[in-house]
Amino acid sequence: MAGEKRTIDENTLEALLQLSRLDPQSTNMTVLKGQVDQIVEYFDLLSQFDDSENPYDAYPATVATALRDDSVVQGLEIPDVKKVSAEFMDGYFRVPKVLGEGA
């Protein structure tokens, strides 16, 4: 199989035309057959390379035990939150208006 050149037959070409919604009358069949044969030839070239390696090995695996503990911790107290910004009022942070004339 390494030396033989594979080409596409007429039945497969007709099926490809139907799948791609191309009209055989508006398509130059000899040019299209040559282009599809080039694509098949390219896949034959690609199949020569070893692809047995797992493609997911390139990405680091996340181990579930390495994640942080799901534990409840004490949150910030209101006096500490007020120290973060001077724009804290009635339990909320005041932010610039984003709706209206400026948006």
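Quick caveat: nothing in here was measured; it's all calculated off a predicted structure.

A. Spatial organisation of the overall build of the protein. Helix and strand content of the protein: 3 helices and 2 strands. Its helices and strands in sequence order give the protein the pattern α-α-α-β-β, from N to C terminus. By residue count, 10% of the 103 residues in the protein fall in the buried class. Accessible surface computed for the protein: about 10,000 Å², of which carbon and sulfur atoms make up 56%.

B. Just unusual backbone geometry, in detail. Here Arg21, not a glycine, exhibits a phi torsion of approximately 60°, which is positive. The phi dihedral of Asp90 falls on the positive side, at around 55°, and the residue is not glycine.

C. Layout of the packing of helix H1 (residues 10–19) against helix H2 (residues 29–46). Between H1 and H2, the least distance of the axes is 11 Å, while the angle of their chain directions is 95°. Relative to H2, the element H1 lies roughly perpendicular. Contacts between H1 and H2 pair Glu10, Leu13, Glu14, Leu16 and Leu17 from the former with Met29, Leu32, Lys33 and Val36 from the latter. For the contact of H1 with H2, a count of residues per class yields 6 nonpolar, no polar and 3 charged.

The rules we used
Residues numbered from 1 in each chain as written. Predicted model: local features only at pLDDT ≥ 70, side-chain atom pairs only at ≥ 80, totals over all residues. Heavy atoms only, no water. Helix = DSSP H or I, 4+ residues; strand = E, 2+ residues; numbered from the N terminus. Buried < 20%, exposed > 50% of the residue type's maximum accessible area, 1.4 Å probe, protein only. Areas by Shrake-Rupley, 256 points an atom, 1.4 Å probe, with all protein chains shown as cover. Axes fitted to C-alpha atoms, helices over the stretch in contact; angles between N-to-C directions. Parallel < 35°, antiparallel > 145°, perpendicular 65-115°, else oblique. Contact = heavy atoms within 4.5 Å. Nonpolar A, V, L, I, M, F, W, Y, C, P; charged D, E, K, R; others polar.

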